[in-house]
Amino acid sequence: MDHGIALRWKQAVVVTGLVSLLAAPAVFAAEPQASAAPLQEAPTEQASDLGLELRLQMVKKDLLVMLNFAEHFIASGETKTAAQLQAPLDDYLRRHADYLVVQAVDGANIEMTQLSAEIALVKTRLLIVLNYRDDAGSVLTEMKKLYAPYQKMSVQIQGKTTTLDEAIRQLDTDLARIAKK
C-alpha cells in the first residue's frame, strides 16, 4: 500500500514539473519584447566572445602539446616519428587554428588578439622545430602583416613574457639558422 502511494506521489511531482515547463514559454512570452531585446544581445555577444576565447585557449594548449612532442622526438633523434606529425598537424592547423586566429584578430577584443598572436607564434615555432622552413616563413610573413598594429603588445610564450615584435624577431633568427643547415 505504501508503495502505491509513493508511486502516485512521484507521478504527481513529475506531472506538475512537466506542466510547469510547458507553461513557462507562455509566461515569458507575455513579457514586453522591447525590454527583452537589448538584454538578449549583450549576453549573446559575450557568450560568443567567451566561446571563441575558450576555443583559442584550447588551440594554444593543443599546439603547445604538439610542440613538446616535436621537440622531444627531434631531440631524441626520432625524426621519423616527428615526420608523422605532419599530416595531423596540417589538418589541425587548417581546420581549427588558422580559422580561429583570423576570427580573433577581426574582433575588437585585445585579449583575443593577444591570444591569437600567441597561437601564431607557437605555430611558427612548431613549424621551425619540424624543419618546415617554407611554411614557417609564410606564417611569419603573414604575422607581420596581420599584427602590424600590435607589435608592442605583450605576449606570453612558454612561460616567458615579451613583446610581439621581439618574439617575431627571435623566430626570424631561428628560421634563418635552420635555413643555413
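The rules we used
- Residues numbered from 1 in each chain as written.
- Predicted model: local features only at pLDDT ≥ 70, side-chain atom pairs only at ≥ 80, totals over all residues.
- Heavy atoms only, no water.
- Helix = DSSP H or I, 4+ residues; strand = E, 2+ residues; numbered from the N terminus.
- Expected span 1.5 Å × (residues − 1).
- Buried < 20%, exposed > 50% of the residue type's maximum accessible area, 1.4 Å probe, protein only.
- Contact = heavy atoms within 4.5 Å.
- Arc of directions from axis to C-beta.
- Core = buried A, V, L, I, M, F, W, Y, C linked by side-chain atoms within 4.5 Å.
- Axes fitted to C-alpha atoms, helices over the stretch in contact; angles between N-to-C directions.
- Parallel < 35°, antiparallel > 145°, perpendicular 65-115°, else oblique.
- Left-handed = near helix turned anticlockwise from the far one by under 90°.
- Nonpolar A, V, L, I, M, F, W, Y, C, P; charged D, E, K, R; others polar.
- Pairing = 2+ DSSP bridges.
- Phe/Tyr/Trp six-rings, centres within 6.5 Å; stacked < 30°, edge-to-face > 60°.
- Salt bridge = Lys/Arg side-chain N within 4 Å of Asp/Glu carboxyl O.

Asks: Can you break down helix α7 (residues 164-180) residue by residue, with the values?
Replies: With 17 residues, α7 ought to run about 24 Å at 1.5 Å a step, and its terminal C-alpha atoms sit 25 Å apart, in line with that. Regarding α7, the residues found buried are Leu-164, Asp-165, Ala-167, Ile-168, Leu-171, Asp-174, Leu-175 and Ile-178. Close packing links the buried residues of α7 with α5 (110-129), α6 (133-146), β1 (154-157) and β2 (160-163).

Asks: Kindly report on α6, identifying the contributing residues and their values.
Replies: In a regular helix each residue adds 1.5 Å, so 14 residues correspond to 20 Å; α6 covers 20 Å between its end C-alpha atoms and thus fits that length. Among the residues making up α6, those that are buried are Ala-136, Gly-137, Val-139, Leu-140 and Met-143. Down the axis of α6, the smallest arc covering the buried residues is 160°, so these residues share one side. Opposite the buried face of α6, by more than 90 degrees, sit the exposed residues Asp-134 and Lys-145. Check the buried side of α6 and you find it contacts α5 and α7.

Asks: I'd love a proper account of unusual backbone geometry, names of residues and values included.
Replies: If you check the backbone angles, Asn-131 has positive phi at about 65° while not being a glycine. Asn-131 sits in the partly exposed class, given a relative accessible area of 41%.

Asks: Explain the nonpolar core to me, using residue names and the numbers behind them.
Replies: The biggest cluster of nonpolar side chains holds 45 residues, and the ones touching the most others in it are Leu-63, Leu-89, Leu-121 and Leu-164. Listed by contribution, the elements that provide at least two residues to this core are α2 (33-75), α4 (86-106), α5, α6, β1 and α7. Counting residues per element, this core draws most heavily on α5, at 11 residues.

Asks: Any chance you could break down the packing of α5 against α6 for me, citing the residues and the numbers?
Replies: For the pair α5 and α6, interaxial distance at closest approach is 8 Å and the crossing angle is 160°. Here α5 lies roughly antiparallel to α6, going by the angle between them. Two packed elements cross with a definite hand, and for α5 against α6 that hand is left-handed. Contacts between α5 and α6 involve Ala-117, Ala-120, Leu-121, Lys-123, Thr-124, Leu-127 and Ile-128 from the first element and Asp-135, Ala-136, Val-139, Leu-140 and Met-143 from the second. The residue makeup of the contact of α5 with α6, split by class, is 9 nonpolar, 1 polar and 2 charged.

Asks: How would you explain the pairing of β2 if you had to name every residue and give the values?
Replies: Across 4 bridges, the pairing between β1 and β2 is antiparallel. Bridge pairing in β2 places Ile-157 opposite Lys-160. The loop that links β1 with its antiparallel partner β2 comprises 2 residues; one of these, Gln-158, has a positive phi angle of about 50°.

Asks: Can you break down the packing of aromatic side chains residue by residue, with the values?
Replies: Across all of its chains, the model carries 1 aromatic pair by this definition. Between the aromatic rings of Phe-69 and Phe-73, the centroid separation amounts to 6.1 Å while the plane-to-plane angle is 15°, which identifies the pairing as stacked. Of the two residues, Phe-69 and Phe-73 both sit in helix α2, 4 residues apart, roughly one turn of that helix. The exposure class of Phe-69 is partly exposed, given its relative accessible area of 46%. Judged by its relative accessible area of 16%, Phe-73 falls in the buried class.

Asks: Give a description of the pattern of salt bridges that names residues and reports values.
Replies: Applying the stated rule across the entire model yields 10 salt bridges. Note that Asp-98 and Lys-123 form a salt bridge whose closest N and O atoms lie 2.4 Å from each other. Pair noted here: Asp-98 is in helix α4 and Lys-123 is in helix α5, with a separation of 25 residues, a long-range link. Relative accessible area serves as the criterion here: at 14%, Lys-123 is assigned to the buried category. The shortest N-O distance in the salt bridge between Asp-165 and Lys-152 comes to 2.9 Å. Here Asp-165 is found in helix α7, whereas its partner Lys-152 is found in the loop between α6 and β1, with 13 residues between them in sequence.

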